[in-house]
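Structural overview for review
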Amino acid sequence: MSSLWPSTITSLHDTLALLGESVEELRAAKAVDVAEVIEELKMAAESARNLRALILAELPEASWQNRQELDELLEKIEKRVEARNIEQLRSRLLGLAAELERGNIVHRRAVRVKQLNQLRDQAINELQAQAAVKGAPQPLPGPDADEWLEWACCLKEPDDAESLQTIRNGFAHLDEFVANLEPDMWVVKTETAV
Amino acid sequence: MNSFWPPALASLDDSLTLSCESLGKLNAGLSIDIAEVIEQLNLAAESARTVRELVLSELPEASWQNREELDALIEEIRKTVEARNLEQRRSRLLALATELERGSIVHRRALRVNELNQLRDQAINELRSQAGSGGAAQPLPGPEADQWVAWACALKEPEDSESLQALRNGFAQLDDFVANLEPGMWTVPDPSIQQQAELEALIQEETQKNLRSRLLALATELERGSIVHHRAFRVTQLNQLREEAINELRSQVEGTGAPPTLPGPEADQWVGWACGLTEPEDAESLQTLRKGFAHLDDFVANLEPDMWIAAGLPTPETPSEAESSADNTHQEPSPPETHPEPSWPETHQEPSRAETNGFEETMVSSGPIPIKLKARKSSKWRRVPQVSHSLDEPSHSAIESDTLTADYVTPAPTEEEVQGTPAQKGALLNSIKGLVTDPVRRLKHAVEPPVTAEVFREASAEAAIPDHRVESVFTAETFHETSDAPTTTSEIRTRVQELFEGKSRMLLAVAAVLVLIVVGAIMWRSHRNHIRSASVSASERKIPDLTQSNPQNQVQDQPLTATDPNAKLPADKQAKPKDQNATAKPATPGAPETQAGKPNNAVLQPPLTVAKNEARKEEATPVEAVEVPVLGLSNKAPSSVISSIPTAQPKLAQKVQVSSGVAQGLLVHQVTPSYPTQARQAHVQGTVVLQALIGKDGSVRNLHALSGPPMLTQAALDAVKQWRYKPYYLDGQPVEAETQINVKFNP
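All of the points below concern the structure found in this document.

About the thresholds
Residues numbered from 1 in each chain as written. Chains lettered and ligands numbered in written order. Predicted model: local features only at pLDDT ≥ 70, side-chain atom pairs only at ≥ 80, totals over all residues. Heavy atoms only, no water. Helix = DSSP H or I, 4+ residues; strand = E, 2+ residues; numbered from the N terminus. Buried < 20%, exposed > 50% of the residue type's maximum accessible area, 1.4 Å probe, protein only. Contact = heavy atoms within 4.5 Å. Areas by Shrake-Rupley, 256 points an atom, 1.4 Å probe, with all protein chains shown as cover. Arc of directions from axis to C-beta. Salt bridge = Lys/Arg side-chain N within 4 Å of Asp/Glu carboxyl O. Pairing = 2+ DSSP bridges. Axes fitted to C-alpha atoms, helices over the stretch in contact; angles between N-to-C directions. Parallel < 35°, antiparallel > 145°, perpendicular 65-115°, else oblique. Left-handed = near helix turned anticlockwise from the far one by under 90°. Nonpolar A, V, L, I, M, F, W, Y, C, P; charged D, E, K, R; others polar.

Attention now goes to the overall build of chain A. Secondary structure assignment for chain A yields 7 helices and 2 strands. If you list the helices and strands of chain A from N to C, you get α-α-α-β-α-α-α-α-β. When burial is assessed residue by residue, chain A has 38% of its 194 residues classed as buried. A fraction of 67% describes how many contacts in chain A between residues 6 or more apart in sequence connect residues 24 or more apart. Accessible area for chain A stands at about 11,400 Å²; split by element, carbon and sulfur atoms hold 49% of it.

See the structure below:
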């Protein structure tokens, strides 16, 4: 869901609450600042317009008549957005696993290459296992797959402790792999014309 | 929803409902018409303000926080208003009942009147029972009570069936009454007319009071005045007439009804005025007098102007000691002349004609205390010093000489009485002495006393009469005797004496008598009629004098005839042609030196006028000492009865209370009050009663509300303060008028 949703809805609710108070005062025949009420009304109308725009952006064919229908619609949109986000997470994990499979480890010592390949295989398995988990997978920090190893090999403590911690918590094998991998030890096979 | 004030609350709730619907749409993220919602919010705010004002108008101290508290307050107000409406309804019924009681039924048949009166009584009872019932009184359709009967009589079926049905259902007896009543059969007295009648009654009462005061003043004036005539019998007759007139005046004053109007001036000038009335010129005044005051009319008809000496006027003079001594050598000796200061008992010891030589008639006078004999030289009514002189007090003049000349009437002031003006006194007494003792005059009067008396009176008038030639001889002498030429007078007298002592004395006397008879008769006839007019004109000129109780004013007035050279000039011219030489005569040696105080005055005065005015001067002091009131009346010139009313109404002229009806009649500029929008929306109506003061210029002042719906009060005040009225006049003068103004508001 877009980040505009909460603020838009909150703004609408706040202005409507103020308007409600003013209306109650009018109902009690008490004096109100009509200009202020009108200003609040305009703000509420603006918030409603934004909300409508957001809904129609998700569901261009959506229509509703009242708040209840709006709430149902909002809930539906929210589920849709959540499913889309999980799928995106899984795709990202699988993309990184494929990227790890595609690359080669280069080192002057074979034993070191062998160790790093084992770590790579464990990370690939871990990523694929996470992507196969039912429900929302662990969020993977960092950029897309093709840039991910370079980004991860550059993480330093304590500067990137948060991202490192996230990797470590969700993807322990992946974290161990990138901790042993130096940026110049990773070579990605490029498609060469035969 | 509260059923009370449905329009205002409904408007508020409606506006809020629409606004809430719009807010609900916004809450659902739906689009709304912002302009419409803003309009609804404005309407809601306006309605809320109306409701607030409604609540605060009924309960100014009210406060609330929410709708529940507002509803509770409205419920409380509703009960109060309902109670008030109920009371108003009852008041309306009672007012109509009162209105029905006030009105009268007019019909050509008494039976019909009785029937309608019965119906009216039943309707009144019905209205009162409805008003007195414990529950809610039936609403009475129609306008206010003062217009209700006319409205009800104009109801028709089927056009007004609703009102008729309401009337029939709630007030069957009243409906029965108005069904039988025709509009022309109902009359209601106008309250403004009643108030006007009260005002007129008040004015009439003041008028009567003033009139009574006037009658009393005249009665007192008649009592205090003196009647002078040379016949005692005539004096007695006139006294009787006077008594009857006085009794008549007093009985009119004591009468229960309004006394008849007395024409003429104030009391101190009235007799002079009345004696001057002539027919047919003054027929109207005479007729009024005759109708209202028969005895008074009888009295003044018998009274000649010169027979009346008003109270407070100077009395004629008596010879003074100085003149007595100066003329001793020319006169027949008489005991009083030798008396240095003659006293009243002495001067009145020979009052009657029988006691004179048969030619000279004494003037019999009747004053406040029986009949008096007084020396008199003037025919004018004059104020008599408040000194009692009874008839049995002999005149000094009478004793002094058996050649008593005609106008010896008023008690001559003694030396003590005239001490205030010794110079005038001396001159005056000298002149009198000369008159009394001069043989020429004595002879003249002896031959024709009536003519002489008449001429004497004429000559004594203020306006000198040119034809008084006979008098001019001795008057010129008198004039100079009173002046500073005593020596010349003495010489003349010596020559005259010698003349009479000679052989031709008798011949000359006879010739002189014949001449005097002829001239006197001519003059008497020619001026017989002129006497009255002269007296009247003189009285008119004397009006300001007579009204002046202050001696200063009397003295100031004297210059017109005595001390003012300009004023004396015409009279002087009249006197001079008759005796040019006489004017050059030296003053009488016996003239007292005390005359030096005002010698010129005497010299320049025409003879008899001098005598009269000097006499006035002399008597001014006693008048001042006695402080004769002018009957408590105004010192102003004579005024009519009506014109004298305002003097008794100073309180009325300050501020009067007038009814709203009268004020309505005076309204010249009316500004219609604007109906307040809120009051109109709230269907607030009623009458605002204002209290206002209509200024002398017709402007509205001191305006304030007495009652009425608070929401309408300001509008009524704003409008009425712009109204303009014609000034309310009371007795010809604009006065401030306080009134109530009812401003009705019907949406």
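There is more to say, and it comes next.
Turning to helix α5 (residues 145-153) of chain A, a few remarks are in order. All names here are of chain A. Among all positions of α5, only Ala145, Trp148, Leu149, Ala152 and Cys153 are buried. Viewed along the axis of α5, the buried residues span an arc of 115 degrees, placing them on a single side of the element. Opposite the buried face of α5, by more than 90 degrees, sit the exposed residues Asp146 and Glu150.

Here we come to the environment of B:Gly132. Topologically, B:Gly132 is positioned in helix α4 (residues 110-132). Overall, the relative accessible area of 60% leaves B:Gly132 in the exposed class.

All names here are of chain B. Mapped onto the elements, aspartate 297 comes out in helix α12 (residues 294-302). Given a relative accessible area of 11%, aspartate 297 falls into the buried group. Discounting chain neighbours no more than four positions away, the residues touching aspartate 297 are Leu286, Leu289 and Arg290.

Quick look at the pattern of salt bridges now. Think of it this way: side chains of opposite charge can pair up when their charged atoms draw near. Considering all chains together, one arrives at 23 salt bridges over all chains under this definition. The closest approach of N and O atoms between B:Glu75 and B:Arg78, which form a salt bridge, is 2.2 Å. Residue B:Glu75 and its partner B:Arg78 are both found in helix α3 (residues 67-102); the two are separated by 3 residues, about one turn of the helix. Each of A:Glu157, A:Arg168 and A:Asp175 takes part in salt bridges that share partners, so that together they form one network.

A few words on the environment of B:Ile74. Its location among the elements puts B:Ile74 in helix α3. The exposure class of B:Ile74 is buried, given its relative accessible area of 0%.

Residues and elements named next belong to chain B. Of all the 9 residues making up strand β9 (residues 686-694), 7 are buried; the element is thus mostly covered by neighbouring parts of the structure. The sheet contact formed by β9 and strand β13 (residues 733-745) spans 9 bridges and is antiparallel. Across the sheet, the residue bridging to leucine 693 is glutamate 738, located in β13. Of the strand pairs in this sheet, β9 and strand β10 (residues 700-707) are connected by 5 bridges, and their pairing is antiparallel. Across the sheet, residue leucine 690 finds its bridge partner in β10, namely alanine 705.

Bringing the side chain of B:Thr713 into the picture now. All names here are of chain B. In this structure, threonine 713 sits in helix α31 (residues 710-720). The exposure class assigned to threonine 713 is buried, which follows from its relative accessible area of 15%. When residues no more than four places from it in sequence are discounted, the contact partners of threonine 713 are Val688, Ala705 and Gly708.

With that settled, consider unusual backbone geometry. Note that the residue after A:Glu157, namely A:Pro158, is joined by a cis bond; omega there is 5 degrees. Tracing the backbone shows A:Pro158 in the loop between α5 and α6 (161-170). Here the amide bond leading from B:Glu157 into B:Pro158 is cis, since omega sits at 10 degrees, within 30 degrees of zero. You can see B:Pro158 is positioned in the loop between α5 (145-153) and α6 (161-170). The phi dihedral of A:Ala29 is positive, around 60 degrees, even though this residue is not glycine. Assignment of secondary structure puts A:Ala29 in the loop between α1 (4-27) and α2 (34-58). Judged by its relative accessible area of 0%, A:Ala29 falls in the buried class. For B:Asn702, which is not glycine, the phi torsion reads 50 degrees and is therefore positive. The residue B:Asn702 is located in strand β10 in this model.

All names here are of chain A. Their axes nearest at 7 Å, the elements helix α4 (residues 110-132) and helix α7 (residues 172-180) cross at an angle of 150 degrees. Looking at the two axes, α4 sits roughly antiparallel to α7. In the packing of α4 onto α7, the handedness of the crossing is left-handed. Contact with α4, carried on its side by Arg112, Leu116, Leu119, Arg120, Gln122, Ala123, Glu126 and Leu127, involves Ala172, His173, Leu174, Glu176, Phe177 and Asn180 of α7 and no other residues of that element. Taken together, the residues that form the contact of α4 with α7 break down as 7 nonpolar, 3 polar and 4 charged.

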